[in-house]
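Here is how the chains run, residue by residue.
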Amino acid sequence: HVLLFEDMRANPRDFMKNLAARIWIDPSFYDAYDFRARNETYGVRYRALHRGARRLNRLAPSWGLKAALKTVYVKAQSGGDGGGKTPEDARALADLEREFRPFNARLAAEFGLDLSAWE
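Residues numbered from 1 in each chain as written. Predicted model: local features only at pLDDT ≥ 70, side-chain atom pairs only at ≥ 80, totals over all residues. Heavy atoms only, no water.

Under the counting rule described, the total for this entry stands at six salt bridges. The residue D34 makes a salt bridge to R36 at a minimum N-O spacing of 2.9 Å. (Salt bridge = Lys/Arg side-chain N within 4 Å of Asp/Glu carboxyl O.)

Encoded structure:
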């Protein structure tokens, strides 16, 4: 089976139901499954902010404002954009895309895959 990470990210329920059916597992397990991400990794830009947030987290009860504050905290730590690419990153990615283009085309043709997300 050839499966794409992009398909899983786009629609995890359909992806897992399809996979389960392919390997003879009851796909209905995923009908009510909660696919929310938990304990996501993020970079720490401001160590003092991080230490303060950890202390506050231990003291604060679990309520709606806590979730909103966490969202603001993660955006502040990540710079809000998830970290941009440097010009060197962009050049390296372009080189890799050129290098792998014929292999990706063959993969798409051989397995009937939509690899447009890779472009």
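Attention now moves to unusual backbone geometry. With a phi angle near 60°, W24 is a residue other than glycine that sits in the positive phi range. Position of W24 among the secondary structure elements: in the loop between α2 (12-22) and α3 (47-59). (Helix = DSSP H or I, 4+ residues; strand = E, 2+ residues; numbered from the N terminus.)

To continue, consider the nonpolar core. The nonpolar side chains of a soluble globular protein tend to be buried, and buried together. Counting residues in each nonpolar core, the largest one holds five residues, listed as F15, M16, L19, A20 and Y30. The contact partners of M16, leaving out residues within four places of it in the chain, are Y30 and F35. (Core = buried A, V, L, I, M, F, W, Y, C linked by side-chain atoms within 4.5 Å. Buried < 20%, exposed > 50% of the residue type's maximum accessible area, 1.4 Å probe, protein only. Contact = heavy atoms within 4.5 Å.)

Here we take up a nonpolar patch on the surface. A contiguous nonpolar patch, built from L93, L96, F100 and F103 and spanning about 410 Å² of accessible area, is present on the exposed surface. For F103, a relative accessible area of 52% gives the class exposed. (Patch = residues over 30% accessible without salt bridge, like charges linked within 9 Å, V, L, I, M, F, W, Y side chains within 5 Å. Areas by Shrake-Rupley, 256 points an atom, 1.4 Å probe, with all protein chains shown as cover.)

With that settled, the discussion passes to the packing of aromatic side chains. Each aromatic ring pair is specified by the distance between its two centres and by the angle formed by the two planes. Inspection of the entire model under this criterion finds six aromatic pairs. Ring plane angle 40° and centroid distance 5.7 Å describe the contact between F29 and Y33, whose orientation is recorded as tilted. Members of the aromatic cluster, connected to one another through ring pairs, are F29, Y30, Y33 and F35. (Phe/Tyr/Trp six-rings, centres within 6.5 Å; stacked < 30°, edge-to-face > 60°.)

Bringing a negative patch on the surface into the picture now. Taken together, the side chains of E6, D7, D114 and E119 present a region of like negative charge at the surface. If you trace the backbone, E119 turns up in the segment after α5 (87-111). Assessed through its relative accessible area of 76%, E119 is described here as exposed. (Lys, Arg positive; Asp, Glu negative; His and termini not counted. Charge placed at Lys NZ, Arg CZ, Asp CG, Glu CD.)

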